Structures are given as structure tokens and as C-alpha cells.
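If you want the building blocks of each chain, they are given just below.
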Amino acid sequence: MSQNRGPMTKLIPYFWRNPLQLAFLMSASLLAGAYAFQYIGGYPPCDLCWWQRYAHFAILGVAGAGMLLKGDARTIAAWGTTIALDISVAAAGFHAGVEQKWWQGPSTCTTTGQTQATDMDSLFDSMMETKLILCDEIAWDMFGISMAGYNFLISLATALFVTLALAAALRKREVRTA
């Protein structure tokens, strides 16, 4: 039998033992993609896109700190990372739902939340000052899934994997000490 193992068969056990690195790399990759879409692709973020980015910044900070810490501090950072991952899943899921019109988004960035100016001068001034990026319009999609949808799916898969890996490590540690 051949001992050739593909990259996935090597990566999965590695990240199972090092889930904080997976969370860190996933958030860094999604943020890099978001900034590439913004600065290279010309897709500026809406308000809900920023919510998703803030969650990924938190994941980077907490997972990065956890990778540097040892003992109980690392365990606390690891569980903090799962909370940040859950927030990322919720933010992306909420945004994807707003895009699909499953529920109403914030009035600051949805089509139904736009207010009309009282006169033409203030309307013109407000149009010249800001360009409103609507949260309930899909700027880009692939196979019918928007950027927020992909963020949701990737974040959900990562959150499940990291949570299961941490629970298994905790269980294994309890078995060793018993």
C-alpha cells in the first residue's frame, strides 16, 4: 500500500491539534479577500460588511494571543476564539439574510430605510457627501451565493471544526488527569 497522502489528509489532523492556527488563517484569508474585493475589485463594504470584518479582527487578536500563551490562558483564549467565531457566523448569516430579503436590515443601509430630504438643496448636498452602499443588495455572487453567504459558510465550518477540536482536546486532557 502506498503511503502517499494528499495535502488534506495532512492538514486536517494538523489543524485538529492546532485549531487556533486554523481560526487565525481563516480570518486572515477572509479579510484579505474582503480587502481585495474592495481595493482591487471596486466593491466597497456596506455597514454589515464592516460588522463581519470586526468579528474577523477579533478572531485574529484572540486566536493570535492564544497561540502565544500557554496553559490555562491558552485555553481561555481558545474558547474566546470560539465565541468570536460564533459572532462572525451570526454577523455573516444576518447579512446574507438581509441580502436575500429574509429579514429587514438596519435602516442605515437598506432600501426601505432611506429617508427623503425635505428640499432639493439638502438632497443634493447629501448625495454629494456620501455614497450609500446598500446592505440588502448583492454586489457580487458566485453560484448564487454572495460574499456574505460564503463568509457565513466558511465561518460556520471553521467554528464547528475549532469547537469540536477544542472539546476533544479538553476531554482528552480530563481523561489523562483522571
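Residues numbered from 1 in each chain as written. Predicted model: local features only at pLDDT ≥ 70, side-chain atom pairs only at ≥ 80, totals over all residues. Heavy atoms only, no water.

**A word on a nonpolar patch on the surface**
Right, so step 1: There is a patch of nonpolar side chains on the surface, built from Met8, Leu11 and Ile12 and spanning about 280 Å² of accessible area.
Right, so step 2: One can find Ile12 in helix α1 (residues 7-17). (Patch = residues over 30% accessible without salt bridge, like charges linked within 9 Å, V, L, I, M, F, W, Y side chains within 5 Å. Areas by Shrake-Rupley, 256 points an atom, 1.4 Å probe, with all protein chains shown as cover. Salt bridge = Lys/Arg side-chain N within 4 Å of Asp/Glu carboxyl O. Helix = DSSP H or I, 4+ residues; strand = E, 2+ residues; numbered from the N terminus.)

**Some points on the side chain of Thr82**
Right, so step 1: Tracing the backbone shows Thr82 in helix α4 (residues 71-99).
Right, so step 2: According to the relative accessible area criterion, Thr82 is buried, its value standing at 5%.
Right, so step 3: Excluding residues within four positions of it along the chain, Thr82 makes contact with Val162, Thr163 and Leu166. (Buried < 20%, exposed > 50% of the residue type's maximum accessible area, 1.4 Å probe, protein only. Contact = heavy atoms within 4.5 Å.)

**Looking at the state of the cysteines**
Should the sulfur atoms of two cysteines be covalently bonded, the bond is a disulfide.
Right, so step 1: Tallying each qualifying case throughout the model produces 0 disulfides.
Right, so step 2: Free cysteine Cys49: the closest other cysteine sulfur is in Cys46, separated by 3.4 Å. (Disulfide = S-S within 2.5 Å.)

**Some thoughts on the nonpolar core**
Where a protein is soluble and globular, its nonpolar side chains tend to be buried together.
Right, so step 1: In this structure, Ala23, Met26, Ile59, Leu85 and Val162 are the most contacted members of the largest nonpolar core, which totals 15 residues.
Right, so step 2: The set of elements that each furnish at least two residues to this core consists of α2 (19-39), α3 (47-68), α4 and α6 (147-177).
Right, so step 3: Discounting residues that sit within four places of it in the chain, Met26 has contacts with His56, Ile59, Leu85, Ile154, Ser155 and Thr158.
Right, so step 4: Counting 5 residues, the second largest nonpolar core, distinct from the first, contains Leu48, Val98, Cys109 and Cys135. (Core = buried A, V, L, I, M, F, W, Y, C linked by side-chain atoms within 4.5 Å.)

**Quick word on the packing of α1 against α2**
Two quantities define a packed helix pair, namely the angle between the axes and the distance from one axis to the other.
Right, so step 1: Two elements in contact, α1 and α2, have axes whose closest approach is 5 Å; the angle formed by their N-to-C orientations is 110°. On the basis of their axis angle, the class for α1 and α2 is roughly perpendicular. Packed against α1, whose contacting residues are Tyr14, Phe15, Trp16 and Arg17, the element α2 presents Pro19, Gln21, Leu22 and Leu25 at the interface.
Right, so step 2: A breakdown of the residues in the contact of α1 with α2 according to their chemical character gives 6 nonpolar, 1 polar and 1 charged. (Axes fitted to C-alpha atoms, helices over the stretch in contact; angles between N-to-C directions. Parallel < 35°, antiparallel > 145°, perpendicular 65-115°, else oblique. Nonpolar A, V, L, I, M, F, W, Y, C, P; charged D, E, K, R; others polar.)

**Comments concerning a positive patch on the surface**
Right, so step 1: Taken together, Arg5, Lys10, Arg17 and Lys172 make up a surface patch of like positive charges.
Right, so step 2: Residue position: Lys172 is located in helix α6. (Lys, Arg positive; Asp, Glu negative; His and termini not counted. Charge placed at Lys NZ, Arg CZ, Asp CG, Glu CD.)

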